[in-house]
Amino acid sequence: MIIKCLLPTDKILEFDMDEKSNTSIYNLKGFIYEKEKIPIGIQIVELDFKKLSSKHDKIKLKKFKVNETTKVRILYDLDGSCCECDLCGLGGGECMCQIL
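Residues numbered from 1 in each chain as written. Predicted model: local features only at pLDDT ≥ 70, side-chain atom pairs only at ≥ 80, totals over all residues. Heavy atoms only, no water.

S.K.: Which parts of the structure should I look at to understand the pairing of strand β2 (residues 12–16)?
M.R.: Two faces belong to every sheet, and in a regular strand the side chains alternate between them. Burial of the side chains of β2 is restricted to one face: Leu-13 and Phe-15 are buried, whereas none of Ile-12, Glu-14 and Asp-16 on the reverse face is. Sheet analysis places strand β1 (residues 2–6) next to β2, joined by five bridges and oriented antiparallel. Bridge pairing links Lys-4 to Glu-14 in β2. In this structure, the hairpin formed by β1 and β2 is closed by a connection of five residues, where Asp-10 is found at a positive phi of approximately 70 degrees. (Buried < 20%, exposed > 50% of the residue type's maximum accessible area, 1.4 Å probe, protein only. Helix = DSSP H or I, 4+ residues; strand = E, 2+ residues; numbered from the N terminus. Pairing = 2+ DSSP bridges.)

S.K.: Quick question: what am I supposed to make of the nonpolar core here?
M.R.: General note: in soluble globular proteins, nonpolar side chains tend to be found buried as a group. In terms of nonpolar packing, the biggest core is built from 20 residues, with Ile-3, Phe-15, Leu-28, Ile-32, Val-45, Leu-47 and Val-72 touching the most fellow members. If you list the elements that add at least two residues to this core, you get β1, β2, α1 (25–36), β3 (43–47) and β5 (72–76). Looking at this core, the element that brings in the most residues is α1, giving four residues. Setting aside chain neighbours within four positions, we find Leu-28 in contact with Cys-5, Phe-15, Val-45 and Val-72. (Core = buried A, V, L, I, M, F, W, Y, C linked by side-chain atoms within 4.5 Å. Contact = heavy atoms within 4.5 Å.)

S.K.: Looking at this structure, how should I read unusual backbone geometry?
M.R.: What you tend to see is this: most non-glycine residues have negative phi, and most peptide bonds are trans. Positive phi, close to 70 degrees, is recorded for Asp-10, a residue that is not glycine. Here Asp-10 lies in the loop between β1 and β2. Positive phi is not limited to glycine here, since Lys-37 has a value of about 60 degrees. Positionally, Lys-37 belongs in the loop between α1 and β3.

The structure is reproduced here in structure tokens:
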């Protein structure tokens, strides 16, 4: 089963999840980190417009009944630093993350 994750940059990542797998929310965040280098600590997973806090990280996707029609979106929990980007650490006009 292919799960599609929408990132804040409007990029869509596809995540292959076997229905019997023990894939957790944390595993999904790890996959996103591997592909996009977005730190796991700032990722917020949203399933069908419901934000999940980090206390849900150990819960398996199958417990949330995630399937191919589930709307999965990744949000960023940014600290709002005035001088630099929380993702890349660059400030001013040098940030390449496309969110500033």
